[in-house]
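# Residue-level structural notes
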Amino acid sequence: MNSTPPCIDFQFEGPIARITFNNPASRNALTWPMYEELKRICDAIANTPEIGVAIFRGAGDKAFVSGSDIQQFVDLQENEAYEVAVDVIFHSLQRLPIPTIARIEGLAVGSGLLIATACDFRISTVDARFGIPVAKTLGNCLSPSNLSWIAHHLGVPMVKRMLLTAELIKAPELLDSGYLYQTTSPEEIEGATEVLANKLVALAPITQKASKVTLARLMESNLPDCTELMRETYNSADFKEGVNAFLEGRPPKWLGK
């Protein structure tokens, strides 16, 4: 039996960094220490000029990242502060000065969708599925920053499908929309990812940095203050019910309060 605690593996050889979300027993759900490790890894990459591209993937073939470890919400006293803290972590990924690739097999849901969208390119298997089904699971919400980011990449109608209907979207539809760079078979995804990585590292790095960081700043400009909406959601009885129902393995009973 593998007793390795959930972690993020980080290694690089030459110009390519490889980051693996390693919690396969929970479909690579992120614990808070894993979030903190992601921030440290992004900071390390940003300060290592030898790295020209970073590839993010999940351990195994069942999930890229399936969201957050729900247990950590039970004792969290200021849940809306959690979203603010996660914003800072995702910001460090969005603003990396090098091209980034998400290699996606299986599920990319919740924070998994956010991480994939924070990357510059996404390559997935044809059977991968994407979404943020919080209206069905936890009853929480996204920060304005994360909502703006995914709306810019996916479009408002698609984000509403994901958030309001809790629908998981199949890869072919997201390939057609341009959200996915490429879809492949499970046997071909490694090779396709390496081809793209090698293409990216051969190009002008300062141009790449200026282009992606400018786009990031444009997407983050003039964000509204939605603190009251986040506080209402995270302090609601519905959110507490969503967490408890998830941990108890039963459907939640929404009360609207």
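What you see is a predicted model, and the numbers here were worked out from it, not measured in a lab.

### Topic: the pairing of strand β3 (residues 53–58)
- With five of six residues buried, β3 lies mostly within the body of the structure.
- Direction of pairing for strand β2 (residues 16–22) relative to β3: parallel, over a ladder of six bridges. Paired with Arg18 across the strands is Ile55, a residue of β3.
- In this region the chain leaves β2, passes through helix α1 (residues 32–46) and returns to the parallel neighbour β3; the handedness of that crossover is right-handed.
- The sheet contact formed by β3 and strand β5 (residues 100–104) spans four bridges and is parallel. Within β5, the residue paired with Phe56 across the bridge is Ala102.

### Overview of helix α10 (residues 237–248)
- Taking 1.5 Å per residue, twelve residues should reach 16 Å; α10 reaches 16 Å between its end C-alpha atoms and fits that length.
- Buried within α10 we find Asp238, Phe239, Glu241, Gly242, Val243 and Ala245.
- Downstream of α10 by a residue or two, Gly249 has a phi angle that is positive, lying close to 70 degrees.

### Side note on the environment of Asp225
- Checked against the element boundaries, Asp225 lands in the loop between α8 (205–220) and α9 (227–234).
- We classify Asp225 as exposed; its relative accessible area is 61%.
- It is 23 Å that separates the C-alpha atoms of Asp225 and Ala237, two residues lying twelve residues apart in sequence.
- Polar side-chain contacts of Asp225 include one of 2.6 Å to the side chain of Thr227.

### Some points on the pattern of salt bridges
- Under the counting rule described, the total for this entry stands at eleven salt bridges.
- Glu220 is paired through a salt bridge with Arg95; the nearest N and O atoms lie 2.6 Å apart. Taken as a pair, Glu220 in helix α8 and Arg95 in the loop between α2 (79–94) and β5 lie far apart in primary sequence, 125 residues in all.
- Relative accessible area serves as the criterion here: at 16%, Glu220 is assigned to the buried category.
- A relative accessible area of 24% means that Arg95 is categorised as partly exposed.
- The salt bridge involving Glu167 is made with Arg161; its shortest N-O contact spans 2.6 Å.
- Here the salt bridges do not stand alone but share partners, grouping Arg57, Arg103 and Glu105 into one network.

### Examining the packing of helix α3 (residues 111–118) against helix α4 (residues 144–154)
- Look at α3 against α4: their axes get within 10 Å of each other, and the N-to-C directions meet at 65 degrees. The way α3 lies across α4 gives a crossing that is left-handed. The segment α3 lies against α4, with Leu113, Leu114, Thr117 and Ala118 engaging Asn146, Trp149, Ile150, His153 and Leu154.
- Considering only residue class, the contact of α3 with α4 consists of six nonpolar, three polar and no charged.

Parameters and conventions
Residues numbered from 1 in each chain as written. Predicted model: local features only at pLDDT ≥ 70, side-chain atom pairs only at ≥ 80, totals over all residues. Heavy atoms only, no water. Buried < 20%, exposed > 50% of the residue type's maximum accessible area, 1.4 Å probe, protein only. Helix = DSSP H or I, 4+ residues; strand = E, 2+ residues; numbered from the N terminus. Pairing = 2+ DSSP bridges. Right-handed = clockwise from strand over helix to strand, strands pointing away. Expected span 1.5 Å × (residues − 1). Polar contact = N/O pair within 3.5 Å; in protein donor to acceptor, adjacent residues only side chain to side chain. Salt bridge = Lys/Arg side-chain N within 4 Å of Asp/Glu carboxyl O. Axes fitted to C-alpha atoms, helices over the stretch in contact; angles between N-to-C directions. Left-handed = near helix turned anticlockwise from the far one by under 90°. Contact = heavy atoms within 4.5 Å. Nonpolar A, V, L, I, M, F, W, Y, C, P; charged D, E, K, R; others polar.

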